[in-house]
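# Working through the structure, step by step
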Amino acid sequence: MTNHKFTQKRNLHRFDPVAYLVIEKFRLSPLTFGLLAAVTATGVYLFSAFLSNTLWSKQGQMGLLQDWIPWLVGLFINPVTLGYYLWSFQAIDQVIQELEISDVLEIDKL
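Not measured: the values here are computed from a predicted model. Every chain is numbered on its own, with residues counted from 1 as its sequence reads. Confidence filtering applies because this is a predicted model: local features only for residues at pLDDT of at least 70, side-chain atom pairs given and counted only at 80 or more, and all residues used for totals across whole chains, interfaces and linings. Water and hydrogen atoms were dropped before computing side-chain values, which therefore reflect all heavy atoms in the structure.

### Observations concerning the confidence of the model for the chain
Filter applied, for reference: Within a predicted model, pLDDT stands for the predictor's per-residue confidence, ranging from 0 to 100. Helix and strand definitions here come from DSSP, where helices need a minimum of 4 consecutive H or I residues and strands a minimum of 2 consecutive E residues; each element is numbered from the N-terminal end.
The predicted model of the chain has a mean per-residue pLDDT of 87, with 91% of residues at 70 or higher. Per-residue pLDDT, averaged within each element of the chain, yields its smallest value for helix 1 (residues 4–7) (48) and its largest for helix 3 (residues 30–51) (96).

### Details of the environment of Tyr-20
Spelled out, the test is: Partly exposed describes any residue whose relative accessible area lies between the buried limit of under 20% and the exposed limit of over 50%, with all areas from a 1.4 Å probe on protein chains only and scaled to the type maximum. Whether two residues are in contact is decided by their heavy atoms, any of which lying within 4.5 Å being enough.
Examined against the element boundaries, Tyr-20 turns out to sit in helix 2 (residues 17–25). Residue Tyr-20 is classed as partly exposed on the basis of its relative accessible area of 34%. Dropping the residues within four chain positions of it, Tyr-20 is found in contact with His-13, Arg-14 and Lys-25.

### Re the nonpolar core
Let me state the cut-off plainly: For our purposes a nonpolar core is just a set of buried Ala, Val, Leu, Ile, Met, Phe, Trp, Tyr and Cys residues, chained together by side-chain atoms within 4.5 Å.
Counting residues in each nonpolar core, the largest one holds seven residues, listed as Ala-19, Val-22, Ile-23, Leu-28, Phe-33, Leu-86 and Phe-89. Among the elements of the structure, helix 2 and helix 4 (69–101) are those that each provide at least two residues to this core. Sort the elements by how many residues they give to this core and helix 2 lands first, with three residues. In this structure, Ala-19 is in contact with His-13, Glu-24, Tyr-85, Leu-86 and Phe-89, ignoring residues within four places of it in sequence.

Rendered as structure tokens:
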């Protein structure tokens, strides 16, 4: 027995302008968004280090290619955070849907 109110999608991301843009306009999944963030960060890091001539270590400074902190942030922390950001809308919608199906929660659409 499938009820129309249980199969209706809520699209909670429509209340967040950034999530709406990424999900609806660009059609990116959480994984794709995270990977795109990693590629973008790598490009920005390398381009800005090239322009400022800080790719390699010099006297008194550590170069970008020898410093592990920006790579940890750019290739792991930011992509995971941005992917979780998009995934959270789907997860919240699924929890609400499961609560409705189990009759623990009833949502009035009016």
